Amino acid sequence: MQEKPLSELIQQRIKKLENLKNLGIEPYNGVFEPSTSTEEIFQRYGGFNRDYFESENISVCIAGRVILFRDFGKTCFAHLQDFTGKIQIYFRKDILQDKFSLLKNLDIGDIVGVSGRLFRTKTDELTVEVQDFVFLSKSLRPLPEKWHGLKDIEARYRQRYVDLIVNPSVKETFIKRQKIIKYMREFLENEGFIEVETPMMHLIAGGARAKPFKTYHEALDMELYLRIAPELYLKRLLVGGFERVFEIGKNFRNEGISTKHNPEFTMIEFYVAYKDYHWLMSFTERLLSYIVEKLYGQFKVKFGDTLIDFTPPYKRITMYDALIQNGVPEEAIKDWDEAYKFAKDMGIEISKDSSLSRILDEIFKEKVEPKLIQPTFVIDYPVELSPLAKRKRENPELVERFELFIAGREIANAFSELNDPIDQKERFLKQLEERMKGDEEANEMDEDFIRALEIGMPPAAGEGIGVDRLVMILTDNQSIRDVILFPLLRPEQTK
RNA sequence: GGGCCGUUAGCUCAGCUGGUAGAGCAGCUGACUCUUAAUCAGCGGGUCGGAGGUUCGAAUCCUCCACGGCUCACCA
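An account of the accompanying structure is given in this report. None of these values were measured; they are calculated from a predicted model.

Rules used in this analysis
- Residues numbered from 1 in each chain as written.
- Chains lettered and ligands numbered in written order.
- Predicted model: local features only at pLDDT ≥ 70, side-chain atom pairs only at ≥ 80, totals over all residues.
- Heavy atoms only, no water.
- Buried < 20%, exposed > 50% of the residue type's maximum accessible area, 1.4 Å probe, protein only.
- Helix = DSSP H or I, 4+ residues; strand = E, 2+ residues; numbered from the N terminus.
- Axes fitted to C-alpha atoms, helices over the stretch in contact; angles between N-to-C directions.
- Parallel < 35°, antiparallel > 145°, perpendicular 65-115°, else oblique.
- Left-handed = near helix turned anticlockwise from the far one by under 90°.
- Contact = heavy atoms within 4.5 Å.
- Pairing = 2+ DSSP bridges.
- Phe/Tyr/Trp six-rings, centres within 6.5 Å; stacked < 30°, edge-to-face > 60°.
- Lys NZ or Arg CZ within 6 Å of the ring centre and 35° of its normal.

## Re helix 16 (residues 467-475)
So, point 1. Burial of helix 16 is extensive: 9 of the 9 residues sit out of reach of the surface.
So, point 2. Of all the positions in helix 16, only Val467, Asp468, Arg469, Leu470, Val471, Met472, Ile473, Leu474 and Thr475 are classed as buried.
So, point 3. After helix 16 finishes, the residue Asp476 shows a positive phi value of roughly 60°.

Pasting the structure below:
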């Protein structure tokens, strides 16, 4: 935080704080027990007319932040905002008597508790006529302007607390985020899944292809990685006899930041014994449509200027067919030289060391991904892109894997889990070779995981869903930073 | 990391080919007992992101730096 001389505006507010203290009022020591919320007031009393309030004398106590203030001399109007909404409150000198003069020391942004009776104004607005009020927190720093609000994107992320006060849609997004996760958990629990917590600090960063963050444990004198995926631990639990498990939590990847990537992000991973990826696809359809239906009461969701339809079933297409349908010649799919040439012609930079699968993966990202707007399962990936997935029975060069794309974004990744310890060991060895060749993101050998597979893991299917990306789509936000309360930013400049 | 754009009052923004900074809101003083972006009268508020440079003169032109946005690269 920068230390510069307090601005005039802040000094004025400190003066008011002192005025209150001199009058024996401690604005930070107030206590107050609200009897209701603004939302509840509108729910219960929104339907009644003026005469009702004249005859019934409804008293309420509410607390919140003053976000608007209109001074008329012997009366004042203000808007009080609590978590659930806002309501107009009305101060009169003839009711408040001496206490009315305290309003001179009230600022927009202050948190107050008020008690009073409900009435309707001339213009029929439901309003609290304040009988008594108490300062609960004095705000020393001015809030942004009342109708343009806080627009500066940097300030919105750095001072999310202000963003949340003045931009109601931001709060909406994060409430929806919580609901999405709640419905997800609810669905899985109803399907017999057990929620677990596995380590976030790993000796070996496995289960995904990504660069990890490093950290250090002093007492044990050892380097650790923040996890890039919980996968290998969850599969150890399958070995241990958990047949349906899931974990919701943060993953950390030491990579670039973009509208689709935050270094720490939330994943859900779930595993089911005795099922395969076909079963998982329909399960995923049921899961997503359940969430969307709970959230919106229908299956269609507006995202940008498109309408995403979550009504099952979703389109399924193999990776190779998707490539061919998007103009990649068949020869390029089988032949390294053709693929290399095709990629080069498209302007994709490919190293000469890249394998055919990796080239195709690049072409896929460029040509196919952006076109997958409606929920689409892309299935059957080359084995070497998927070192933890089970081979297809009919074609051992492919694996039983799918990725789910929505709005051109990869939302989920799933496969029939490889449970053959010997094959798994060989794949790790292959990854190690790539690592030797300089591929920092290739998997490391995890001996203990192999040992677990040697004990015996049931056939199983597992899936990971990028929660932030799903929330983006379901809340119509174009940047991952808009669905993460405190996205990572460089430190603020000290002036 | 590359490219493009941005950074001016607490907030939202103007500021032309260089002539020494403006509005609205917020704030302060005053008026006003049903307002809705209340209104009316008056007042204060700026290291123009930072550092250099060009110039008689820089918010404006140039260079470097910082932070952010978009985008590319990167990204299981």
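## Here's the deal with the packing of helix 7 (residues 168-190) against helix 9 (residues 277-296)
So, point 1. Remark: helix 7 packs on helix 9, axes separated minimally by 9 Å, with the N-to-C direction vectors making an angle of 135°. By the angle class used here, helix 7 and helix 9 are oblique. Considering how the two elements wind past one another, helix 7 and helix 9 form a crossing that is right-handed. Facing helix 7, whose interface residues are Lys176, Lys179, Ile180, Tyr183, Met184, Glu186, Phe187, Leu188 and Asn190, helix 9 presents Phe283, Arg286, Leu287, Tyr290, Ile291, Lys294, Leu295 and Tyr296.

## So, the sheet that holds strand 8 (residues 214-217)
So, point 1. Across the sheet, which stays open at both edges, the 3 strands sit in the order 7-9-8 with antiparallel pairing between neighbours. A strand with exactly one partner marks an edge of an open sheet, and here the two such strands are strand 7 (201-202) and strand 8.

## Observations regarding the sheet that holds strand 15 (residues 376-382)
So, point 1. One open sheet holds the 8 strands; their spatial order is 6-10-11-18-17-16-15-14, and the pairing between them is mixed. What marks the edges here is a single partner per strand, and that holds for strand 6 (194-195) and strand 14 (315-318).
So, point 2. Across the sheet, helix 8 (residues 231-239) lies against strand 10 (244-252), strand 11 (264-273), strand 17 (409-416) and strand 18 (460-466), angled at about 25° from strand 11, the strand it touches most.

## A look at the environment of Glu369
So, point 1. Inspection of the secondary structure puts Glu369 in the loop between helix 13 (356-368) and strand 15.
So, point 2. A relative accessible area of 14% places Glu369 in the buried class.
So, point 3. Expressed as a C-alpha distance, the spacing of Glu369 and Glu18, which sit 351 residues apart in the sequence, is 61 Å.
So, point 4. Those residues in contact with Glu369 that sit more than four places away from it in its chain are Phe364, Phe405 and Gly408.

## Considerations on the packing of aromatic side chains
So, point 1. For the structure shown, the criterion picks out 20 aromatic pairs.
So, point 2. A centroid spacing of 4.9 Å and a plane angle of 10° characterise the contact between Trp336 and Tyr340, whose relative ring orientation is stacked. With Trp336 and Tyr340 both in helix 12 (residues 336-346) and 4 residues apart, the pair spans about one turn of that helix.
So, point 3. Residue classification places Trp336 among the partly exposed residues on the basis of a relative accessible area of 26%.
So, point 4. Tyr340 sits in the buried class, given a relative accessible area of 11%.
So, point 5. Grouping aromatic residues by their ring pairs yields a cluster made of Phe187, Phe193, Phe270, Trp279, Phe283 and Tyr290.
So, point 6. Residue placement shows Arg401 over the ring face of Tyr381; its charged tip is 4.5 Å from the ring centre.

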